[in-house]
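So the chains spell out like this:
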Amino acid sequence: MNFDFNEDQRALADTLQRFVSREYSFERRRAIRDSTAGWSRDVWQGLADLGVLAINIDEDYGGLGYGPQETGLVMNAAGRGLLLEPYLASAVIAPALIRRTTSADFQEQWLPAIASGEAVVVLAHADARSAPATELGGNLSGHKSVVAHGGCADLLLVSAQMPNGDTGLFAVSPGADGLRLRDYPTLDGQRAADIIMDSTPATRIDAGGALDQIEAALDIGLAALCAEAVGIMEATLAATTEYLKTRQQFGQPIGRFQALQHRMADMLLHLEQARSMSYLAAMHCTGKDAPARQRILSAAKVTSGQACRFVAQNAVQLHGGMGMTDELMLSHWFKRLTTIEMSFGDTDSHLARFARLSRAA
Amino acid sequence: MNFDFNEDQRALADTLQRFVSREYSFERRRAIRDSTAGWSRDVWQGLADLGVLAINIDEDYGGLGYGPQETGLVMNAAGRGLLLEPYLASAVIAPALIRRTTSADFQEQWLPAIASGEAVVVLAHADARSAPATELGGNLSGHKSVVAHGGCADLLLVSAQMPNGDTGLFAVSPGADGLRLRDYPTLDGQRAADIIMDSTPATRIDAGGALDQIEAALDIGLAALCAEAVGIMEATLAATTEYLKTRQQFGQPIGRFQALQHRMADMLLHLEQARSMSYLAAMHCTGKDAPARQRILSAAKVTSGQACRFVAQNAVQLHGGMGMTDELMLSHWFKRLTTIEMSFGDTDSHLARFARLSRAA
Amino acid sequence: MDLNFSPEETAFREQVRRFVSENLPAGIRHKVLNGIHLEREEHVQWQRILHARGWGGVGWPREFGGPGWSPTELYIFEEESARGGAPRLISFGLKMIAPVLMAFGTPAQQQRFLPKIMAADEWWCQGYSEPGAGSDLASLKTRAMREGDCYIVNGQKTWTTLGQYADWIFCLVRTDPEAKKQSGISFLLIDMKSPGVTVRPIITLDGAHEVNEVWLEDVRVPVENRIGEENKGWTYAKFLLGHERTNIAGIGIAKRELARLKRIAEDEGRLDEPLFAARLAQVEIDLMALEITNLRVLSAEGAKKAPGPEASILKIKGSEIQQAIAELMMQAVGAYALPYRQTDVGPDYAANLGAGYCNLRKLSIFGGSNEIQKNIISQMIMGL
Amino acid sequence: MDLNFSPEETAFREQVRRFVSENLPAGIRHKVLNGIHLEREEHVQWQRILHARGWGGVGWPREFGGPGWSPTELYIFEEESARGGAPRLISFGLKMIAPVLMAFGTPAQQQRFLPKIMAADEWWCQGYSEPGAGSDLASLKTRAMREGDCYIVNGQKTWTTLGQYADWIFCLVRTDPEAKKQSGISFLLIDMKSPGVTVRPIITLDGAHEVNEVWLEDVRVPVENRIGEENKGWTYAKFLLGHERTNIAGIGIAKRELARLKRIAEDEGRLDEPLFAARLAQVEIDLMALEITNLRVLSAEGAKKAPGPEASILKIKGSEIQQAIAELMMQAVGAYALPYRQTDVGPDYAANLGAGYCNLRKLSIFGGSNEIQKNIISQMIMGL
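Student: Looking at this structure, I do not really get the overall build of chain A. What am I missing?
Tutor: A tally of helices and strands in chain A yields 11 helices and 10 strands. Pairs at least 24 residues apart make up 71% of the contacts formed inside chain A by residues separated by at least 6 positions. Positive and negative charge centroids in chain A, built from 32 and 41 side chains respectively, lie 8 Å apart.

Right under this line is the structure:
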């Protein structure tokens, strides 16, 4: 057992951290966020040049063939910088899904394009309650809701219920007939989209078992999300520590007040527990035994979600009024942590799922 | 609206507080606890002389005809002193039950005896899972478990399922044939008993609807229990405040440490919320609309239970090693608060019941 | 002890309820009930409707034109206003500077300012906090130098809520730089139109413009706009802080928001989830208890008006409950809480929940952070 | 990064598991698995069984007769011992004074004491805390005056765990009353049979006799029983505190108790209650995370042996988890948790749950209270 990263991994992390601190200043990020697209093709190309879009893609398809640990390192660094680009969607979840579901031809067509940054591919899975997606005669109808980065996709991978009740996975062009895409900002400054399809032409790309494979891919995404949360919490804690050392009230740095010291200790406990679970999630997220895998990932999401909530809220609280301003990175970390806690199922739902799976195990 | 007690009520509270501080020193209590019976007939007679055994009994039967507010005042004072006598069982729950269920003759026979302290009457309601009490041909069989003060009763009021499926309430003599009584101390130094009946002769005393009436009487008991908890928490907080002012570490009273100050503030918040709910419980515990009444009482028990847990644990924690010793009243308050939290249904069960009843309302 | 409202109080409640229901404009009501930001004019409109009814001076005694309500009546008014979807009264004029004027102002000051507050002709804001003086308010640095009949004021105030709407600001300023902390402070009323006053927006984490920086550069303030004595401002400031804390528990608003949470949870089918139902039950129970605690404090307060350190209990629990409700509303709608202020994505009620959650983080920071409140409780109530 | 145990470590685990299963007396196992207090002789018996296997010096390097395990092997040993129902090793000799003797003792002291610790021929206890010196240990007052070849020791130690069984006590004493706090302290080994040593029981809130007061009245301690230099005792004390913190997370015990909790909850039908199931899930998840956190600290520690301030994280979470498990066990059996140590009331497993819950409150107090641990984290790790 060892918890050290190897040299390649450390180099990858360093490179990305440098990239983020060079290319992703607070002001630059704000400009990107406020742009029409809400993300930067230049940054995306920069990430491609660093090779990080390729890490989840096999070497056969122009990738680096790395795994969840390296993905975690990337997410960790991306988290600190609050990258607005669709990394999780297109460079983590989409390759994992394409590798699992599709034919070699499809993989040949799309994986190199993802790795090189030419194509952004996004899974649209969650249905609006009112209008779940269905397939009929090769066309899809229905409403996919709050699809992260759905608006910037060159290709959508859309799940839909087929007449026989199975779930199929379909390739859909964002420009296809009958597809209406409503792109909007989310709380964290990223983008999401609602996608409404009315007899939209689609190509089935799975060979059966799509639902299990989608869940497997989402679990890889969830592990990456947990790593992102750790990166943001690290940054949040560091900034808060620094603030407590600097901010003077009652004639001393407020970090001398024991109640605040103990709050910081509690925040660190949350962070370290979340870090541990992000390692465990990375180790297990590719597991083939779905209930065993899901049990660990639910545990990781519970730990991560509770940590996100606690660290985010208390970092703002300890910053006082300054914590409420849009001017500090802190408030943006707060919103991303809040969004993470709400994504991929909330804490309670994972707690209940963990209880169920533990009992069955 | 006013939250002041009237003169009679204040006099009652004062009298009892004086009685407790005079008659119930730490050493006296320990001696009583370690005696064979585990309670004191002398103290009981003293309580009778003060009139407090009579407060829940109508004037027609030699009582004072007071209500839940006065009961709360008594329980509050009894709580501080950790009285070991069966006040809640015999002077609160039993009269409430007898008044609701039984004939005038039965009331005539027992209520004056309870008021004067001659008779201790105890409800035995909770069944052991393995052997719920049943009635057949006027005899009871089954196992009543952890009956508070069951061992010192002159008369037991026993619930049992009748052949038609209804619950009946029965008067059973502790000395009756086939009745085995196992008396033991509980965590808080009080006594409880398991009562095992094998064709034990019993007299039915209710005229139907016993289960509702038992629940109504137990709700009156629960409101009293909440008031007791408030009394104990007040004493616990006062003792802990005093300790924090006296105990010196690192060159100052430990009460100067902000983390401990804030813990104390949190304890006070719990106490004040529990006090508010104990007032509300007293106001509603005699309500005839069972779901509305139970909803309030569940809310009170949740607030009280959470407060008991938080205040007890943190009072010990803030006392450090001294909190762990049997030598301070504190550890005994801790155990009674723990017992209260576990009695009459735990916090989670009341939280779930509150949710259910709120939704139905 | 009697926990029931008196028949008179119940009749009063009925009266307020009817008044709000009949007189509150539907547009304002809709915004309030859905957590949508109100414009200045909407606040003013409602205040004028109240004023027309004779209720403009909420919380004021009769002698100054107020309705002369008891604390309990005031509580009932606030609760029914919140319940009916009326805006929260803008407290800076009505509840903060007005009591100071009544207690310490000259008759001239009272006549000049109070009627315009009641009639919503002038909007006030608060100039207490500074970048270097937050929890430690007494370390404030804004300087006022006497020059003839005027003070020349220089400094910077911050977290000035709705300062962008304000006609006047009441400020704590340092008039004696030699004196120690609390003792060299004076309390000035400053016309926001004075040359040298600049208001700069602060955007908060929910993206809203609610607070401001107020820069004061060589601002001339007539001496007659000083409250009370020079260098005694801290006394008036503390008095005001006490009044700021009436209705600090926010019971009425919390009850309204809890009802909204329940409707949302019902719509979203969340009440069938035991963990969600338990969280909802917990906050409902906490609020039930706090309502009684609040009434106990009101009752003990009686005629005194300004609550004591017990108000800190109300502030802490009140803010925690409102924050918990905001969290649960967000949780109830799941992913639909994420679209940022999008009215046409997901159910209508989801549009502002995420931003609302962010915004309400302020409750445990502003008006004396909850940490400061715990200092007060442990020191003033428990004597630690 | 590789979170799997190596094949060698897995084989070692197998070996320990088999050894415990084959050699642990059934009576001891039963007591441990049911939370029943062990007698001195039972502790001694198990230590001798380990010693016979060559595992008497758990955590010790080979040069002193220990098995020379890595931190990970030590962790595996502790975990498997706990899992199999073996007693927790009595740490005062093995883990506290032994490392001090190895690092700072003279060869004569090492030869005199270490073998008897390993063989359970001598039982040690700890003389650190005093009535006036708890969290603030350095304020200790026990006085040692040099008189020829002896120190004359006077004072009172408290919270001396299992001191009633002890043959020796290691004590911090003040040898220079003029020096400031930490600097005038020496570290003495005192024979409990010395005239002037009195042990008085302290009964704790669970009714048990686990801790004691130790009174020292004119106790003569030969100078050769001093560790290291006079007045340098604080250095050795801190070193020891570091070692006290190995296995501080108590993962093995927590896992065993969690398994017990699950069996009880299953028997009591509590897993069907969503709120109970969620609480159980929460503690299981916390423990899962802490196990990894613990292994991370072990791994970072490597050959260093004494963990740094990170051990405070383990202490806090470890104690919280064990306490939460104890609470849930009590909750699971409901009213049956109330009969006090009654083996024939309710289900067998209920008899000691209430007392166990009370007893475990000590975990967040002893060995440096959790408040002290948070001071350490915020100051040593975060630099506040």
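Having seen the model, we can carry on.
Student: Can you walk me through the overall build of chain C in this structure?
Tutor: When helices and strands are tallied, chain C shows 12 helices and eight strands. For 384 residues, the compact-globule estimate of 2.2 N^0.38 gives 21 Å, and chain C sits close to it at 21 Å. Buried positions account for 61% of the 384 residues belonging to chain C. Restricting to contacts in chain C with at least 6 residues of sequence separation, those with at least 24 account for 72%. Put simply, chain C shows about 14,400 Å² of open surface, and 51% of that area lies on carbon and sulfur atoms. On chain C, the mean spot of the 44 positive side-chain charges and the mean spot of the 48 negative ones are 3 Å from each other.

Student: Would you explain the domain arrangement of chain C in this entry?
Tutor: By a frequent convention, interface size equals the accessible area lost on bringing the separate parts together. As far as domains go, chain C holds domain 1 (7–89), domain 2 (124–231) and domain 3 (249–380). A straight line from the C-alpha centre of domain 1 of chain C to that of domain 2 of chain C covers 30 Å.

Student: Could you clarify how one ought to interpret the interface of chain A and chain C in this entry?
Tutor: Each side of the interface is counted separately: chain A has 39 residues, and chain C has 46 residues. Both faces considered, chain A and chain C share a buried interface measuring about 3,500 Å² in area, 58% of it formed by carbon and sulfur atoms. Considering only the surface of chain A that becomes buried against chain C, Leu 187, Met 324 and Met 342 of chain A emerge as the three largest contributors, covering 20% of it. Across the pair Glu 268 of chain C and Arg 129 of chain A runs a salt bridge, and its minimum N-O distance is 3.1 Å. For the side of chain A that touches chain C, the secondary structure elements donating two or more residues are strand E3 (139–148), strand E6 (179–185), strand E9 (248–249), helix H8 (258–284), helix H9 (290–319), helix H10 (329–342) and helix H11 (347–360) of chain A. Among the elements that make up the side of chain A that touches chain C, the one with the highest residue count is H10 of chain A (six residues).

Student: Explain the environment of Gly 208 of chain B to me, please; I cannot follow it from the model alone.
Tutor: In this structure, Gly 208 of chain B sits in the loop between strand E8 (203–204) and helix H7 (210–246). For Gly 208 of chain B and Thr 246 of chain B, which are 38 residues apart along the polypeptide, the C-alpha to C-alpha distance reads 59 Å.

Student: Sorry if this is basic, but what is going on with the pairing of strand E4 (residues 155–161) of chain A here?
Tutor: Where a strand is regular, its side chains alternate between the two sheet faces. Residues and elements named next belong to chain A. Counting buried positions along E4 gives six out of seven residues, so the element sits mostly inside the fold. Relative to E4, strand E1 (residues 121–124) runs parallel, the two sharing four bridges. Each bridged residue has a counterpart across the sheet, and for Val 121 the counterpart in E4 is Leu 155. Relative to strand E5 (residues 167–172), E4 is paired through six bridges, and the arrangement is antiparallel. Its bridge partner lying in E5, Ser 159 is registered against Leu 169. Counting the residues in the hairpin turn of E4 and E5 gives five residues, including Gly 165, whose phi is positive at 95°.

Student: Looking at this model, I keep getting lost on helix H2 (residues 26–33) of chain D. Mind explaining?
Tutor: Working note: α-helix, 3.6 residues per turn, so residues spaced by three or four point in the same direction. Those residues of H2 of chain D that sit buried are Ile 28, Lys 31, Val 32 and Leu 33 of chain D. Against helix H3 (40–52) and helix H8 (251–267) of chain D lie the buried residues of H2 of chain D.

Student: Could you clarify how one ought to interpret the pattern of salt bridges in this entry?
Tutor: Pairing is possible between side chains of opposite charge, provided their charged atoms come close. Per the counting criterion, the structure on display carries 102 salt bridges over all chains. The partner of Arg 270 of chain C in a salt bridge is Asp 346 of chain A, with the nearest N and O atoms 3.7 Å apart. Residue Arg 270 of chain C is found in the loop between helix H8 (251–267) and helix H9 (274–301), and its partner Asp 346 of chain A is found in the loop between H10 and H11; the two belong to separate chains. Given the relative accessible area of 10%, Asp 346 of chain A is considered buried. Between Arg 270 of chain C and Glu 273 of chain C there is a salt bridge, with its nearest N and O atoms 3.6 Å apart.

Student: I would appreciate a short explanation of helix H4 (residues 68–81) of chain A in the present structure.
Tutor: All names here are of chain A. Given a rise of 1.5 Å per residue, 14 residues ought to cover 20 Å, and the 20 Å separating the end C-alpha atoms of H4 matches this to within 8%. Where burial is concerned, most of H4 is hidden: 11 out of the 14 residues are buried. Those residues of H4 not exposed but buried are Glu 70, Thr 71, Gly 72, Leu 73, Val 74, Met 75, Asn 76, Ala 77, Ala 78, Gly 79 and Gly 81. Considering only its buried residues, H4 is in contact with helix H1 (7–23), helix H2 (26–34), helix H5 (87–101), helix H7 (210–246) and H10. Among the residues trailing H4, Leu 82 stands out with phi positive, at a value near 55°.

Student: Teacher, can you tell me more about the packing of aromatic side chains here?
Tutor: Any pair of aromatic rings gets described here by the distance separating the centres and the angle formed by the planes. Applying the stated criterion to the full structure yields 44 aromatic pairs over all chains. Seen from their ring centres, Phe 104 of chain C and Phe 239 of chain C are 5.1 Å apart, and the 85° between their planes marks the pair as edge-to-face. Residue Phe 104 of chain C is found in helix H5 (residues 91–104), and its partner Phe 239 of chain C is found in helix H7 (residues 233–244); the two are separated by 135 residues along the sequence. Given a relative accessible area of 28%, Phe 104 of chain C falls into the partly exposed group. Each member of the aromatic cluster is reached from another via a ring pair, and the members are Phe 12, Phe 19, Trp 46, Trp 55, Trp 69 and Phe 77 of chain C. The positively charged end of Arg 146 of chain D is found above the aromatic ring belonging to Tyr 151 of chain D, 5.6 Å away from the centroid.

Student: Would you mind showing me how to read the packing of H7 of chain B against helix H9 (residues 290–319) of chain B here?
Tutor: For any two helices packed against each other, one specifies the crossing angle of their axes together with the interaxial distance. Residue and element names in this part refer to chain B. Interhelical geometry of H7 versus H9 gives an angle of 25° and a closest axis separation of 9 Å. When the axis of H7 is compared with that of H9, the two are roughly parallel. Note that H7 runs across H9; the crossing there is left-handed. Here the contact of H7 with H9 is built from residues that sort into 18 nonpolar, five polar and four charged.

Student: Could you clarify how one ought to interpret the packing of H7 of chain B against helix H10 (residues 329–342) of chain B in this entry?
Tutor: All names here are of chain B. The geometry of H7 relative to H10 is characterised by a closest axis approach of 10 Å and an angle of 150° between their N-to-C directions. Put simply, H7 runs roughly antiparallel to H10. The two elements H7 and H10 cross, and the hand of that crossing is left-handed. Where H7 approaches H10, its residues Leu 225, Glu 228, Ala 229, Ile 232, Met 233, Ala 235, Thr 236, Ala 239 and Thr 240 are matched on the opposing element by Leu 330, Trp 333, Arg 336, Leu 337 and Ile 340. Per-class residue counts for the contact of H7 with H10 are 10 nonpolar, two polar and two charged.

Student: What is the right way to look at the side chain of Gln 331 of chain D in this model?
Tutor: Within the element layout of this structure, Gln 331 of chain D appears in helix H10 (residues 310–333). The exposure class assigned to Gln 331 of chain D is buried, which follows from its relative accessible area of 11%. A distance of 3.4 Å separates polar atoms of two side chains, one belonging to Gln 331 of chain D and the other to Asp 346 of chain B. If sequence neighbours within four positions are ignored, Gln 331 of chain D has contacts with Met 342, Asp 346 and Asp 348 of chain B together with Arg 270, Phe 276 and Arg 279 of chain D.

Student: Just to check I follow, could you spell out the interface of chain B and chain D for this structure?
Tutor: Taken together, the 39 residues of chain B in the interface contact 47 residues of chain D. Between chain B and chain D the total buried area reaches about 3,500 Å² when both faces are included, carbon and sulfur atoms providing 58% of it. In this structure, the connection of chain B to chain D is made through six salt bridges. Where Asp 348 of chain B meets Arg 279 of chain D, a salt bridge forms, and the shortest distance between an N and an O atom there is 2.5 Å. Where the side of chain B that touches chain D is concerned, the elements lending two or more residues are strand E3 (139–148), strand E6 (179–185), strand E9 (248–249), helix H8 (258–284), H9, H10 and helix H11 (347–360) of chain B. Looking at which element gives the most residues to the side of chain B that touches chain D, the answer is H10 of chain B, with six residues. Among the residues making up the side of chain B that touches chain D, the classes are represented as 14 nonpolar, 15 polar and 10 charged.

Reading the values: rules and limits
Residues numbered from 1 in each chain as written. Chains lettered and ligands numbered in written order. Predicted model: local features only at pLDDT ≥ 70, side-chain atom pairs only at ≥ 80, totals over all residues. Heavy atoms only, no water. Helix = DSSP H or I, 4+ residues; strand = E, 2+ residues; numbered from the N terminus. Contact = heavy atoms within 4.5 Å. Lys, Arg positive; Asp, Glu negative; His and termini not counted. Charge placed at Lys NZ, Arg CZ, Asp CG, Glu CD. Rg over C-alpha atoms; globule rule 2.2 N^0.38 Å. Buried < 20%, exposed > 50% of the residue type's maximum accessible area, 1.4 Å probe, protein only. Areas by Shrake-Rupley, 256 points an atom, 1.4 Å probe, with all protein chains shown as cover. Domains from an automatic or database assignment. Buried area = accessible area lost by both parts, 1.4 Å probe. Salt bridge = Lys/Arg side-chain N within 4 Å of Asp/Glu carboxyl O. Pairing = 2+ DSSP bridges. Expected span 1.5 Å × (residues − 1). Phe/Tyr/Trp six-rings, centres within 6.5 Å; stacked < 30°, edge-to-face > 60°. Lys NZ or Arg CZ within 6 Å of the ring centre and 35° of its normal. Axes fitted to C-alpha atoms, helices over the stretch in contact; angles between N-to-C directions. Parallel < 35°, antiparallel > 145°, perpendicular 65-115°, else oblique. Left-handed = near helix turned anticlockwise from the far one by under 90°. Nonpolar A, V, L, I, M, F, W, Y, C, P; charged D, E, K, R; others polar. Polar contact = N/O pair within 3.5 Å; in protein donor to acceptor, adjacent residues only side chain to side chain.

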